[in-house]
Amino acid sequence: MSHQRIPQLTLPTNDYGQMQNMSNRRLISVLREAVLSPERVRRFSPRPPETHDAYTICHRPGCIDIHLYADGVEIFCCKFVPAREY
């Protein structure tokens, strides 16, 4: 089985602490509003796909990954991470 490299977008956010306590449904809502909405999707590179039919969410130390799928195949990953102060 070949493994393709899945396009990935990493987004630092000041709301990371709040996001850690959100339900999966709310996290998907945040993704749809902040990343996948038509007026925002053009701002990102790599650009998230326009069509997908499923999500999975993985909470890891310092990161919340939301994976997008089409027809059972992962096609994109959006990673929310805490914003770092410089």
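Quick look at the structure, then. Everything quoted here is computed from the prediction, not taken from an experiment.

### Some words on the overall build of the chain
Then, in step 1: Helix and strand counts for the chain come out as 3 helices and 4 strands.
Then, in step 2: Helices and strands appear in the chain in the N-to-C order β-α-α-α-β-β-β.
Then, in step 3: Over its C-alpha trace the chain gives a radius of gyration of 13 Å, about what one expects of a compact globule, namely 12 Å for 86 residues.
Then, in step 4: Each principal axis of the C-alpha atoms in the chain carries an extent, and together these give about 40 × 30 × 25 Å.
Then, in step 5: Out of the 86 residues belonging to the chain, those deemed buried represent 33%.
Then, in step 6: Long-range contacts, defined here as pairs at least 24 residues apart, represent 52% of the contacts in the chain between residues at least 6 apart.
Then, in step 7: About 6100 Å² of surface is accessible on the chain, with carbon and sulfur atoms providing 47% of the total.
Then, in step 8: Put simply, the chain has 11 plus and 9 minus side-chain charges, and the middle of one group is 3 Å from the middle of the other.

### Some points on the side chain of aspartate 65
Then, in step 1: Secondary-structure assignment places aspartate 65 in strand 3 (residues 63–70).
Then, in step 2: Engagement of the side chain of aspartate 65 in a polar contact is seen with the side chain of arginine 60, the distance being 2.8 Å.

### Points about the sheet that holds strand 2 (residues 54–60)
Then, in step 1: A sheet is described by the order of its strands in space; here 4 strands give the open sequence 1-4-3-2, paired in mixed fashion. In the strand order of this sheet, the two ends are held by strand 1 (8–13) and strand 2, each with one partner. Across this sheet, the average inter-strand angle for adjacent strands is 20°, counted without regard to direction.
Then, in step 2: As paired strands, strand 3 and strand 4 (residues 73–82) are joined by 7 bridges and run antiparallel to one another. Across the sheet, residue alanine 70 finds its bridge partner in strand 4, namely valine 73.

### Comments concerning the pattern of salt bridges
A side chain with one charge may pair with a side chain of the opposite charge, provided their charged atoms come close.
Then, in step 1: Scanning the model with the defined rule gives 3 salt bridges in all.
Then, in step 2: Residue glutamate 33 is joined to arginine 26 by a salt bridge in which the shortest nitrogen-to-oxygen separation is 3.9 Å.
Then, in step 3: The exposure class of glutamate 33 is partly exposed, given its relative accessible area of 47%.
Then, in step 4: The salt bridge partner of aspartate 65 is arginine 60, with a shortest N-O separation of 2.8 Å.
Then, in step 5: Several salt bridges converge on common partners, so that one network encompasses Arg60, Asp65 and Lys79.

About the thresholds
Residues numbered from 1 in each chain as written. Predicted model: local features only at pLDDT ≥ 70, side-chain atom pairs only at ≥ 80, totals over all residues. Heavy atoms only, no water. Helix = DSSP H or I, 4+ residues; strand = E, 2+ residues; numbered from the N terminus. Rg over C-alpha atoms; globule rule 2.2 N^0.38 Å. Buried < 20%, exposed > 50% of the residue type's maximum accessible area, 1.4 Å probe, protein only. Contact = heavy atoms within 4.5 Å. Areas by Shrake-Rupley, 256 points an atom, 1.4 Å probe, with all protein chains shown as cover. Lys, Arg positive; Asp, Glu negative; His and termini not counted. Charge placed at Lys NZ, Arg CZ, Asp CG, Glu CD. Polar contact = N/O pair within 3.5 Å; in protein donor to acceptor, adjacent residues only side chain to side chain. Pairing = 2+ DSSP bridges. Axes fitted to C-alpha atoms, helices over the stretch in contact; angles between N-to-C directions. Salt bridge = Lys/Arg side-chain N within 4 Å of Asp/Glu carboxyl O.

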